[in-house]
Amino acid sequence: MQLEVFKEKYQALQSSLEVDFLKKPDAVKALVQRRSDEIDSLLCDIWRGFEVSNQLCLAAVGGYGRRELHLYSDIDLLILIPSGSHNVHQENLSKFLTFLWDVGLEVGHATRDITDCVANIHDLSVATNLLESRILIGKESLFLRMKVVIKSNDWSSRSFFVGKQKEQHERHLNYSNTAYNLEPNLKESPGGLRDIQTVAWVAKWYFDVDLLSDLVEKEYLTQGEYDLLIEAQSFLWKVRFALHIIAQRREDRVAFQYQRKVASVLGYEEGDSIAVEQFMRDYYQTATKVARLNDILLQLFEESVLHVQHLNARFVISHGYIYMTDSKVFAKQPSAFIEIFLLVAKHNYVSGISADTLRQMQKDIDLIGENYYKKRQNNRLFIELLQQKQGVNKALKLMNRYGVLERYIPAFGKITGLMQYDLFHAYTVDQHTLFVIRNLRRFFIGEFAQEFALCSEIATDIVKPELLFLAGLFHDIAKGRGGDHATLGAKDAQDFLKHHSLKAKDVALVSSLVEQHLLMTQVAQKQDLDDFDVIEQFAKTVKSVEFLEFLYLLTVADIRATKEDLWNSWKDSLLKKLFYKTKEHLQKTPKAPSITAQVKVVKQALAKAVIQQGYDRQKADVMLDTLPKDYFLRYQVDDILWHLQCLTRQSGKAIKVLSRLSEHNVVDIFVHSEDSKGLFFKLVSIIEKLGLDIVDAKILTSKDNKTYNTISVLQDEILEHTNINKVIEEELTQLVQSGADVKQMSDKYAHYHFDHKMEITFSHNDTWNLTEVEVNVIDKQGLLSNIAYIFYQLDFHLVNARISTMGERVEDVFFISNADNKPLSKLEQQTLSQYLQEKL
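Rules of the game
Residues numbered from 1 in each chain as written. Predicted model: local features only at pLDDT ≥ 70, side-chain atom pairs only at ≥ 80, totals over all residues. Heavy atoms only, no water. Helix = DSSP H or I, 4+ residues; strand = E, 2+ residues; numbered from the N terminus. Buried < 20%, exposed > 50% of the residue type's maximum accessible area, 1.4 Å probe, protein only. Contact = heavy atoms within 4.5 Å. 1 Å grid on protein atoms, 1.4 Å probe; cavity = no way out; pocket = protein on both sides within 12 Å on 5 of 7 lines; lining within 4 Å. Points joined across faces, edges and corners; volume = space filled by probe spheres on them. Nonpolar A, V, L, I, M, F, W, Y, C, P; charged D, E, K, R; others polar. Salt bridge = Lys/Arg side-chain N within 4 Å of Asp/Glu carboxyl O. Pairing = 2+ DSSP bridges. Right-handed = clockwise from strand over helix to strand, strands pointing away. Axes fitted to C-alpha atoms, helices over the stretch in contact; angles between N-to-C directions. Parallel < 35°, antiparallel > 145°, perpendicular 65-115°, else oblique. Left-handed = near helix turned anticlockwise from the far one by under 90°. Core = buried A, V, L, I, M, F, W, Y, C linked by side-chain atoms within 4.5 Å. pLDDT = per-residue confidence, 0-100.

## So, the overall build of the protein
Scanning the protein for helices and strands turns up 36 helices and 19 strands. Principal-axis analysis of the C-alpha atoms gives the protein an extent of 105 × 70 × 50 Å. Within the protein, the fraction of its 840 residues that count as buried is 56%. Contacts in the protein between residues at least 24 apart in sequence constitute 71% of all its contacts with a sequence separation of at least 6.

## Some words on the environment of V534
Within the secondary structure, V534 sits in helix α26 (residues 532-542). Overall, V534 belongs to the buried group, its relative accessible area being 11%. Residues V534 and T582 lie 48 residues apart in sequence; the distance between their C-alpha atoms is 9.6 Å.

## Looking at unusual backbone geometry
The phi torsion at S176 lies on the positive side, around 60 degrees, for a residue other than glycine. Structurally, S176 can be placed in the loop between α8 (157-173) and α9 (193-207). In this structure, D795 takes a positive phi of about 60 degrees despite not being glycine.

## A closer look at empty space enclosed by the protein
With a probe scaled to a water molecule rolled over the atoms, the places where space remains empty come into view. One pass over the full model with this rule turns up 1 cavity of 30 Å³ or more. Taken as a whole, the largest cavity spans an internal volume of roughly 50 Å³. Surrounding the largest cavity, D528, R634, W768, L770, V799, N800 and F815 form its lining. Split into classes, the residues belonging to the lining of the largest cavity amount to 4 nonpolar, 1 polar and 2 charged.

## Quick notes on the pattern of salt bridges
The final tally for this structure, using the stated rule, is 39 salt bridges. The partner of R481 in a salt bridge is D492, and the shortest N-O contact between them spans 2.3 Å. With R481 in the loop between α22 (465-474) and α23 (485-497) and D492 in helix α23, this pair connects stretches of sequence that are 11 residues apart. Residue D492 is classed as buried on the basis of its relative accessible area, which comes to 16%. Salt bridges sharing partners connect three or more residues here, namely R171, E188, R194 and D195.

## Brief notes about the pairing of strand β2 (residues 75-80)
Across the 6 residues of β2, 5 count as buried, placing the element largely inside the fold. Bridge count for strand β1 (residues 57-60) against β2 is 4 bridges, and the pairing is antiparallel. Residue pairing for β2: C57 is matched across the bridge by L80. Examined bridge by bridge, β2 and strand β3 (residues 107-112) share 6 bridges and lie parallel to one another. From the neighbouring strand, L78 faces β3, where its bridge partner is A110. Viewed along the sheet, the connection from β2 through helix α4 (residues 86-103) into β3 turns out right-handed.

## Some points on the sheet that holds β3
Pairing is mixed in the open sheet, where 4 strands are placed in the order β3-β2-β1-β4. Lying at the two open borders of the sheet, with one neighbouring strand each, are β3 and β4 (134-138). Mean inter-strand twist for the sheet, computed between neighbouring axes without regard to direction, equals 25 degrees. In this fold helix α2 (residues 28-49) packs onto β1, β2 and β4, with an angle of close to 30 degrees to the strand it touches most, β4. Of the strands in this sheet, β1, β2 and β3 touch α4, which is tilted by about 170 degrees from β3.

## Considerations on the side chain of H475
Checked against the element boundaries, H475 lands in the loop between α22 and α23. If we ignore the near neighbours within four places in the chain, the residues touching H475 are H432, T433, V436, H485, V514, H517 and D558.

## Description of the sheet that holds strand β8 (residues 352-353)
The sheet built from 4 strands is open, its strands ordered β5-β6-β7-β8 with mixed pairing. Looking at strand neighbours, the two that pair on one side only are β5 (309-310) and β8, the edges of this open sheet. With 4 bridges connecting them, strand β6 (residues 315-318) and strand β7 (residues 321-324) associate as antiparallel partners. By the bridge assignment for β7, S318 is matched with Y321.

## Quick word on the packing of helix α35 (residues 783-793) against helix α36 (residues 826-839)
Look at α35 against α36: their axes get within 10 Å of each other, and the N-to-C directions meet at 140 degrees. One finds that α35 runs oblique with respect to α36. Viewed along their axes, α35 and α36 form a crossing whose handedness is right-handed. Residue-level inspection shows I787, I790, F791 and Q793 of α35 in contact with α36, the latter providing L832, Y835, L836 and K839. Tallied by class, the residues present in the contact of α35 with α36 amount to 6 nonpolar, 1 polar and 1 charged.

## Overview of the side chain of S189
Tracing the chain through its elements places S189 in the loop between α8 and α9. Residue S189 is classed as buried on the basis of its relative accessible area of 0%. Excluding its chain neighbours within four sequence positions, the residues that come into contact with S189 are R171, Y175 and P184.

## Structural notes on the pairing of strand β11 (residues 694-698)
Of all the 5 residues making up β11, 4 are buried; the element is thus mostly covered by neighbouring parts of the structure. Looking at chain direction, β11 and strand β12 (residues 706-713) are connected through 4 bridges and run antiparallel. Residue D696 lies in a different strand from β12, and its bridge partner there is S712. Where β11 lies against strand β17 (residues 797-802), 3 bridges are found, and the strand directions are antiparallel. Bridged to A697 within β17 is A801.

## A look at the nonpolar core
In this structure, F341 and F382 are the most contacted members of the largest nonpolar core, which totals 189 residues. Residues in contact with F341, not counting those within four places in the same chain, are I353, M361, L385, A395, L398, M399, Y402 and V404. Counting 48 residues, the second-largest nonpolar core is a separate cluster that includes A697, F791, L824 and L832.

## Examining the confidence of the model for the protein
Per-residue pLDDT for the protein averages 87, and the proportion of residues at 70 or more is 94%. Confidence drops under a pLDDT of 50 for residues 745-755, and excluding neighbours within four residues, the segment shows 31 contacts in the predicted structure.

Okay, here's the thing in structure tokens:
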């Protein structure tokens, strides 16, 4: 046996397959089968070369058994041996397998006799593998005995189906039960290759056939369904083969780093939308079709005529599924396309819609034309669906899954499977939208009342929840078209809802919610909520408490539907603060207080508190007299008392540090010291090095050149086993004494395949007479300290900062002045912009 000869043969095969695929990706089926056939030949030659006993046989199992071998797919083998002969053949078979690995073949194998097969057949994966086995070489009678053993075991068609159904359910849960993750697994995700294989496995077990095409003859598959499965399989195969070439190994995850290259290999070109978006949209649409058909075909094994519940002349419930009573129900009464989902919502205990009914729905779906949503009966049923006390989210998810939602709301079709090519949405636009509806629905369900108490409290007083759900459906509906999606979406909502017999004010409410759905987030995370003018301007925009309540619920639901780690206690507290302050403003319409009056109120309250808590009044006055008016505007009485506590306890230290859990559920770190140039960036670099996420910063210098800096960070496990006060005090002392340079930034997230343009905007803050700088950029380790270092280099004074992380992107707002404590000039703004662009 000449190892090098076989290695060269195998390498030549792999190279040839790669070249042929790149020339013609549509030939993927032939290439997959060709690799299988060529490896059949290679294995048989090697088997003969080792002169393995003719009492054994070699069989292909799993994907190899189906003759489906992609470029780097594992080669799964079963070696069948006579009963009780393991020791006899062990040495020779070990040499045979070692030779295969030396050739370069990725082999998975099992050596079994018939007794072993019987002992392991209870394992569903073993049963499935053996189901698809085929003999390559050796004793055929032994192989046929094994096949008989498979079918004569304890796996009935019912138990095999239930096992596969459970297996699929658990697999789908691993992928959040959605095909629309931005880095889907084309094999294991819902709508992937495993879903096609599951259909085939169940049907093959029941009908005892080998090929999918045989299922058409058995009338289990229609010709159209078979064609759809083959088309979907071909597309997924092309993607998989391309992934193998790009990764140069077995790879099933359509990760960001591969998506652009796969799109290029498969011939997608830049057009109205970028090539990668076209490719991913085709992927999601293919996965949706597979998921639909998987639902239909698996239900055919589960349906029963028992326990029929008549709903009306058109539909019944049987064995947990809704059935049509007449195959022409959709043709005779097209409103049934909406009515059936209304029934799903009303009877929330049903498992879904029956396979035959889904089949008919797909056949007749073109009856839903562009004017369908304008018909009175159709839109009446749709609004009634949204008004249900239960099942709304489930019904809308099924409407989307079976292609009815995108046809009923024409604009929704444009976002179905649309990838949001940013770093803070984890789902496609349509799936994100449905998650928003799910979140909104939970506010109205008693069992979730403690999850978001304020949201649930507001929801109890909302008379027309359907208006909120409509706003949720339309809030991102104009994504991907260019232009302001909120403005375009508001127009879409108006055009759609004017045909739904809603009152004009209700249509206006929904349209305005869509147009303003980002406003509350932007104000809460980027502006000073203690600034009267900020609250007044926001109140003027929202106009009413009703609109404010709707907007608050939509905002919370929207943020929580983007990405699991995007919502945190800081965002929660900011939104609540904005909500309560604005509500009070709308109800009382207060006048703007003068700065002098505000400072006076704080100082009077403080004077009483100082005496009550036993502080030395004289020492306190000495400290407070050194502080500018800004200090009393930016800190509450409790904060000032906390500062006094720090200064009193640590009076002998040059650098004083104290931390506490704030009312906003973040950790405030207060640092007091002699001011020195670059102090802030040094402080921030220490906090960043600890791995803490900064969300807010207040920077203030007293008349006697003392700093009063408060940095707010998110709670973290690090704080539980780190003496944060001591670490900051020691390291900051060392940096101040020795001087320090800023650390090199490192990428926090490895998303190089995304395009990220830094956005820098300048504006004037009238309240503080400062320049407001907003920096939007991808997050990096050390980003904030580098920005602070740039301010230090240019001799700009940082007064306040709002740090907002949106997924892997930050949107930070800084309030700064120049060396003369004045707003930045145009030239200074240009210089700062240039520094930021060059160094970040």
